[in-house]
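# Tertiary structure, described
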Amino acid sequence: VSTATSIAQKKFDNCIMNASGVWCYDEKELLEVDKSKAASFVTKSGTLQARKGNPKPRYFETNFGSINSMGLPNQGLEYYLDFVQKIQQQNPNKTYFVSCTGFNVQEDVLLLEKVENSGFKGIVELNLSCPNVPGKPQTGYDFETVDMILKTVFENYEGLLGVKLPPYFDIVHFDQMAKILNKYPLTYVNSVNSIGNGLYIDDAQEKVVIKPKNGFGGIGGDYIKPTALANVHAFYQRLDPKIQIIGTGGIKTGRDVFEHILCGASMVQVGTALMKEGPGVFERLTHELEMIMQSKGYEKLDDFKGKLKYIE
Ligand SMILES: C=Cc1c(C(=O)O)[nH]c(=O)[nH]c1=O
């Protein structure tokens, strides 16, 4: 069986990789993912200037997932572009992802100009869904702004571009977002980012577990899989087939990978489970997915991708 996939014809020998923000902050972490069984890596979302992020503790692991309010700590987009250019020379046939996010449309355009000027030939993931920058609302929940950003960005940018979206919870919102996204030559849509502003409590200490925002943070892991699968399938049902789907959220076993692909994902990204287990998680997940495919007689992803059955 083959777990190979392609995103806008860049071929990957696997369909599993890291989620932006996890194990991708610096060269050391990125090299560890690059050497693992992951199909590729995506960098932490780069901003125009490097950022320290929010005060710690800002990440907490629970039995069912995670809560984070990192605050977009990153080395700055140029650091990630320089690193990817370097590693691209060593692996000329591998396609890498660079994530970026601006604080307004002018910054988004500037970031993408930097990408184009750097000669980067991989895939850019524009993060429209960071939930943890105090005072900055989720771009992904402001539909007019998303429309304006994509319109402005695609006036100049000609490379491969995907967008990282927050989870939506309303069918009309899926309709409205898909209508906007279908207007643009997007390579993919990545659903979902963490469920914003959850609250996890240590009842023994009667206290929150992360310092920023009085304990409010993005939720990941088991808690969000049903929402992630719904967002993947809702966009799969609504988007032009030219726009592929990357599925992120609640992946910790081969079954979770299988379910995301059944809902329409071409690639899946792993966050919380990667944070817990390290890059060895990619070999385990790939093996578990292969076992499931074998048991069901599937040889390649297209044998079941998007083929979720409904009850007649
Ligand atoms: C890029 C900021 C993000 C962060 C963060 O840096 O706080 N956390 C998330 O769960 N998702 C994000 O998109």
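In what follows, the accompanying structure is described. (Residues numbered from 1 in each chain as written. Predicted model: local features only at pLDDT ≥ 70, side-chain atom pairs only at ≥ 80, totals over all residues. Heavy atoms only, no water.)

For the rest of this paragraph, the subject is the pattern of salt bridges. Tallied over the entire structure, the rule returns 16 salt bridges. Of the charged contacts, one joins K86 and E27 as a salt bridge, the two residues approaching to 3.2 Å between their closest N and O atoms. Of this pair, K86 sits in helix α2 (residues 77-90) while E27 sits in helix α1 (residues 27-35), placing them 59 residues apart in sequence. Classification of K86 by relative accessible area gives partly exposed; the value is 42%. With a relative accessible area of 25%, E27 lands in the partly exposed category. (Salt bridge = Lys/Arg side-chain N within 4 Å of Asp/Glu carboxyl O. Helix = DSSP H or I, 4+ residues; strand = E, 2+ residues; numbered from the N terminus. Buried < 20%, exposed > 50% of the residue type's maximum accessible area, 1.4 Å probe, protein only.)

Neither face of strand β15 (residues 267-270) is left uncovered, since the one carrying M267 and Q269 and the one carrying V268 and V270 both have all their residues buried. Pairing between strand β3 (residues 16-18) and β15: three bridges, direction parallel. Looking at β15, one finds that N18 is bridged to V270. Across three bridges, strand β14 (residues 244-248) lies against β15 in parallel orientation. The residue bridging T248 from the neighbouring strand is Q269, located in β15. For the crossover that starts at β14, traverses helix α7 (residues 254-262) and ends in the parallel β15, the hand is right-handed. (Pairing = 2+ DSSP bridges. Right-handed = clockwise from strand over helix to strand, strands pointing away.)

What follows concerns the packing of helix α4 (residues 143-156) against helix α5 (residues 171-181). Contact pair α4 / α5: the axes reach a minimum separation of 10 Å and the direction vectors enclose 15°. Taken together, α4 and α5 sit at an angle that is classed as roughly parallel. The two elements α4 and α5 meet at a crossing, and its hand is right-handed. When α4 is examined against α5, the residues F143, V146, D147 and L150 are found in contact with a partner set consisting of H173, Q176, M177, I180 and L181. Broken down by class, the residue content of the contact of α4 with α5 amounts to six nonpolar, two polar and one charged. (Axes fitted to C-alpha atoms, helices over the stretch in contact; angles between N-to-C directions. Parallel < 35°, antiparallel > 145°, perpendicular 65-115°, else oblique. Left-handed = near helix turned anticlockwise from the far one by under 90°. Contact = heavy atoms within 4.5 Å. Nonpolar A, V, L, I, M, F, W, Y, C, P; charged D, E, K, R; others polar.)

On to the site of the ligand, then. Looking at the ligand, there are 15 residues lining it, with N68, L72, C130, N193 and S194 nearest. Note that a nitrogen atom of the ligand is positioned 2.8 Å from one of the side-chain N or O atoms of N193. One of the side-chain N or O atoms of S194 is found 2.8 Å from an oxygen atom in the ligand. Here the ligand loses 92% of its free accessible area of 320 Å² to cover by the protein chains. Among the detected pockets, the ligand sits in the largest pocket. By residue class, the composition of the shell around the ligand is five nonpolar, nine polar and one charged. (Near = heavy atom within 4 Å. Polar contact = N/O pair within 3.5 Å; in protein donor to acceptor, adjacent residues only side chain to side chain. Areas by Shrake-Rupley, 256 points an atom, 1.4 Å probe, with all protein chains shown as cover. 1 Å grid on protein atoms, 1.4 Å probe; cavity = no way out; pocket = protein on both sides within 12 Å on 5 of 7 lines; lining within 4 Å. Sits in = over half its atoms within 2 Å of the grid points.)

The next subject is α5. Taken together, the buried positions of α5 are occupied by F174, M177, A178, I180 and L181. Each buried residue of α5 lies within a common arc of 160° when the element is viewed along its axis, so the set occupies one face. Contact partners of the buried residues in α5: α4, β8 (160-165), β9 (188-191) and α6 (225-238). One side-chain oxygen at the N-terminal end of α5 lies 2.7 Å from the backbone nitrogen of V172; it belongs to D170. (Arc of directions from axis to C-beta.)

Spatially, the four strands line up as an open sheet ordered β4-β5-β13-β10, and their pairing is antiparallel. Because the sheet does not close on itself, it has two edges, and the strands there are β4 (59-62) and β10 (195-199). Taking the axes of each pair of neighbouring strands and ignoring which way they run, one obtains an average angle of 40° across the sheet. For β4 and strand β5 (residues 65-68), the ladder comprises four bridges, and the chain directions are antiparallel. Note that in β5 the partner of F60 across the bridge is I67.

Here the focus is the nonpolar core. Core analysis: the largest hydrophobic core is formed by 71 residues, its most contacted members being L181, L186 and F235. Ignoring anything within four residues of it in the chain, the contact list for F235 reads L165, Y168, F174, M177, A178, L181, V189, S191 and I245. (Core = buried A, V, L, I, M, F, W, Y, C linked by side-chain atoms within 4.5 Å.)

On to the environment of S20, then. You can see S20 is positioned in the loop between β3 and α1. Using a relative accessible area of 15% as the deciding quantity, one classes S20 as buried. Here the alpha-carbon distance between S20 and P57, two residues 37 residues apart in the chain, equals 20 Å. Side-chain polar atoms of S20 contact the backbone oxygen of T43, separated by 2.8 Å. At 3.4 Å, the side chain of S20 and the backbone nitrogen of S45 are in polar contact.

It is worth spelling out unusual backbone geometry at this point. In this model, K56 is joined to P57 through a cis peptide bond whose omega is 0°. Structurally, the position occupied by P57 is in the loop between α1 and β4. Of the consecutive residues S191 and V192, the connecting peptide bond is found in the cis state with omega at 10°. You can see V192 is positioned in the loop between β9 and β10. Look at Q9: it is not a glycine, yet its phi comes out positive at around 65°. Secondary-structure assignment places Q9 in the loop between β1 (5-7) and β2 (10-12). When its relative accessible area of 65% is taken as the criterion, Q9 is described as exposed. Phi is positive for N197, close to 55°, though the residue is something other than glycine. Position of N197 relative to the elements: it lies in strand β10. For N197, a relative accessible area of 39% gives the class partly exposed.

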